[in-house]
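The lines below spell out each chain.
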Amino acid sequence: MMTRYPKRCGKCGQKRMHLATVAYTTTIEHDGRTYRVEIPALTVPQCGNCQALSIDDEADQQISAAFRRAAGLLAPEEIRQGREKLGLTQKQFANLLGVGEATVSRWETGAQIQQRAMDRFLRVCLASPAAVELLRSDFQTSGV
């Protein structure tokens, strides 16, 4: 059964969009590097007339997850679970890392992909209570 969408195709203008599962490959530039991202079965709206794909929110999430795997970056749920394991709120974690609370929120929801250097820093903090304590003591002495 084919689910039809009420929107028109952005390429040909026909009202023939339906949900399809396709092999999808793209390249993504991140931190000065190019990554080839391959998704064997991407579920995405596709035009029945011209076959153009329309990347919706669901497809974008699938692409972002595949990119994180290709780039070796922490997934949003890994960041959230690590923060929770440390017993920190998003605000406390943000203060510890020296970033805004909204940034931590975007990482944890998948709305923003962290830079490679920050990913490495996150890994150290999430894996080492000693690193977290060092950062905490640094903030206490610096008045932050």
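See the structure above.
1. Let's talk about the pairing of strand 1 (residues 17–30)
Along any regular strand the residues' side chains alternate between the sheet's two faces.
Now for step 1: Alignment of strand 1 against strand 2 (residues 33–47), held across 13 bridges, turns out to be antiparallel. When the sheet's bridge partners are listed, threonine 25 is paired in strand 2 with glutamate 38.
Now for step 2: Counting the residues that bridge the hairpin from strand 1 to strand 2 gives two residues, and of these aspartate 31 lies at a positive phi of roughly 55 degrees.

2. Overview of helix 3 (residues 90–97)
Now for step 1: Listed as buried for helix 3 are Phe93, Ala94, Leu96 and Leu97. Buried positions in helix 3, seen along its axis, are confined to an arc of 160 degrees and lie on one side of it.
Now for step 2: Phi turns positive, to about 80 degrees, at glycine 98, one or two residues after helix 3.

3. Some words on unusual backbone geometry
Now for step 1: Non-glycine residue aspartate 31 carries a positive phi angle of around 55 degrees.
Now for step 2: Along the chain, aspartate 31 turns up in the loop between strand 1 and strand 2.
Now for step 3: Note on aspartate 31: relative accessible area 34%, which makes it partly exposed.
Now for step 4: A positive phi is found at glutamine 51, a non-glycine position, where the angle reads about 70 degrees.

Cut-offs and rules
- Once a new chain begins, its residue numbering starts again from 1 and follows that chain's sequence as written.
- Owing to the predicted nature of the model, reporting of local features is limited to residues with pLDDT of at least 70; listing and counting of side-chain atom pairs is limited to 80 or more, with chain, interface and lining totals taken over all residues.
- Processing note: side-chain calculations cover all non-hydrogen atoms of the structure and skip hydrogens and water entirely.
- Strands are labelled as partners when DSSP assigns at least two bridges between them.
- Labels follow the DSSP assignment, with helices taken as runs of H or I lasting at least four residues and strands as runs of E lasting at least two, numbered in each case from the N terminus.
- Buried means the residue's accessible area, taken with a 1.4 Å probe over protein chains only, is under 20% of the maximum for its type, while exposed means over 50%, and partly exposed covers the values in between.
- The arc in question is the one traced by the directions running from the helix axis out to the C-beta atoms.

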